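# Remarks on the overall topology
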Amino acid sequence: MPAKQAKGEYIETDTGNKVSRKSNIVGSQNIILGGRTIIQAECTIRGDLRRTIPSSSSSSLSTNPGSTSSSSSHSNVAIAIGRYCFFSRSCVIRPPCKTLKGQFSYYPMKLGDHVFVGEGSVVEAAVVGSWVKIGKDCVIGKFAIIKDCVKIEDGTVIAANTVIPSFSLVRGRPGVVVEELPETAPEGLDWPV
């Protein structure tokens, strides 16, 4: 764990999130923090990169006179982060993007509970499950799906559209599953959160 930070460096929210004043959070209105999450200095979270074209399901909702505004507000969420997550210094979290039918768009990203992202890592996954540890200087490609209870070792590069199964240890460039973790892995791993 890093040394204790200065008392005034973090802003604490009502739900117990601690956000460094030196972090770069863009589009905060499009980011949901579940609670008890720590975001360290120089960490970049890009909530401004969200879908701007109306999807077919949201356009049909908006034409329905009985629809509520809360259903349309969920389409504005770019990044949903679970509880007890830890984002180390200089990591980058941004939603995945692609061009479909000639239209460039960003897609929502969901991170589960107890997710640790190491220093200098870049995450563009579609889904990161709960109890996931991403090591230092890792790259998680666009639209990757990382299931629950996965440990990704330092320097690993996971290709775009890769699915990592639950209870896996991943390493290498490109990242491959090298070992299966026991079902008791969440209790035995040294999670920094």
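## Thoughts on the state of the cysteines
In this structure the tally under the stated criterion is zero disulfides. For Cys-91, which is in no disulfide, the shortest distance to another cysteine sulfur is to Cys-43 and amounts to 3.2 Å.

## Some details on the confidence of the model for the protein chain
Overall, the predicted model of the protein chain reaches an average pLDDT of 87, with 81% of residues at or above 70. Here residues 57–73 is a poorly scored stretch, pLDDT under 50, and it has three contacts once near neighbours within four places are set aside; other chains count.

## Focus: the pairing of strand 22 (residues 168–171)
Looking at chain direction, strand 19 (residues 150–152) and strand 22 are connected through three bridges and run parallel. Pairing of Val-150 across the sheet is with Ser-168, part of strand 22. Bridge analysis of strand 22 against strand 23 (residues 176–180) gives four bridges, and the strand direction is antiparallel. Within strand 23, the position partnered with Val-170 by the bridge is Val-177. Where strand 22 folds back on strand 23, the antiparallel hairpin that results is connected by four residues, among which Gly-172 adopts a positive phi of roughly 105°.

## Focus: the packing of aromatic side chains
Across all of its chains, the model carries three aromatic pairs by this definition. Centroid distance Phe-104 to Tyr-106: 5.3 Å. Interplanar angle 85°. Geometry classified as edge-to-face. On the accessibility criterion, Phe-104 (44% relative accessible area) is partly exposed. For the pair Tyr-107 and Phe-143, a centre-to-centre distance of 5.5 Å together with 65° between the ring planes defines the contact as edge-to-face. Placement of the pair is Tyr-107 in the loop between strand 11 (103–106) and strand 12 (109–111) and Phe-143 in the loop between strand 17 (139–140) and strand 18 (145–146), with a sequence separation of 36 residues. The same class applies to Tyr-107 as to Phe-143, namely buried. The positively charged end of Lys-98 is found above the aromatic ring belonging to Phe-143, 5.3 Å away from the centroid.

Rules behind the numbers
- Residues numbered from 1 in each chain as written.
- Predicted model: local features only at pLDDT ≥ 70, side-chain atom pairs only at ≥ 80, totals over all residues.
- Heavy atoms only, no water.
- Disulfide = S-S within 2.5 Å.
- pLDDT = per-residue confidence, 0-100.
- Contact = heavy atoms within 4.5 Å.
- Pairing = 2+ DSSP bridges.
- Helix = DSSP H or I, 4+ residues; strand = E, 2+ residues; numbered from the N terminus.
- Phe/Tyr/Trp six-rings, centres within 6.5 Å; stacked < 30°, edge-to-face > 60°.
- Buried < 20%, exposed > 50% of the residue type's maximum accessible area, 1.4 Å probe, protein only.
- Lys NZ or Arg CZ within 6 Å of the ring centre and 35° of its normal.

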